[in-house]
Amino acid sequence: MVALLAGCPTKPKPEADLEVKREVLAQLVNGVVVPTLEAFVTEAEALAATASAFAAARAGGAADAERDAARAAFRTAFSRCQRAEMLKFGPAAPQPAFT
């Protein structure tokens, strides 16, 4: 029985647990959250540019190519927005409204 207990891992210290949690969160933020949000900003800017080009072309007449480009940019930005929506935690998460 003593040999069996000797082989069991010891419980890590709370300070070590906290450090591991911090490291995991830092890697998650730097490796997933920040790149996803940066990509969304880039795609939203592209959407704004293509929407402006569509509006300008529409004012001048035919705008099929610009419309198609704006639609594609919207789909891309919206898809990225949905991915970013899943990453809302901590201060980025919506706060409950109590009445």
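Presented here is a report on the structure given in the accompanying data block.

Procedures and definitions
- Residues numbered from 1 in each chain as written.
- Predicted model: local features only at pLDDT ≥ 70, side-chain atom pairs only at ≥ 80, totals over all residues.
- Heavy atoms only, no water.
- Helix = DSSP H or I, 4+ residues; strand = E, 2+ residues; numbered from the N terminus.
- Expected span 1.5 Å × (residues − 1).
- Buried < 20%, exposed > 50% of the residue type's maximum accessible area, 1.4 Å probe, protein only.
- Arc of directions from axis to C-beta.
- Polar contact = N/O pair within 3.5 Å; in protein donor to acceptor, adjacent residues only side chain to side chain.
- Contact = heavy atoms within 4.5 Å.

## Here we look at helix α3 (residues 64-85)
Here's step 1: Helix length check: α3 (22 residues) gives 31 Å between terminal C-alpha atoms against 32 Å at 1.5 Å per residue, within 8%.
Here's step 2: Buried residues of α3: A70, A73, A77, R80 and A84, and no others. On an axial view of α3, the arc spanned by its buried residues comes to 100°, and they lie on one face.

## Considerations on the side chain of R80
Here's step 1: Along the chain, R80 turns up in helix α3.
Here's step 2: A polar contact of 3.3 Å, which involves the side chain of R80, links it to the side chain of E43.
Here's step 3: Every residue in contact with R80, bar those within four places of it in the chain, is listed here: T36, A39, F40 and E43.

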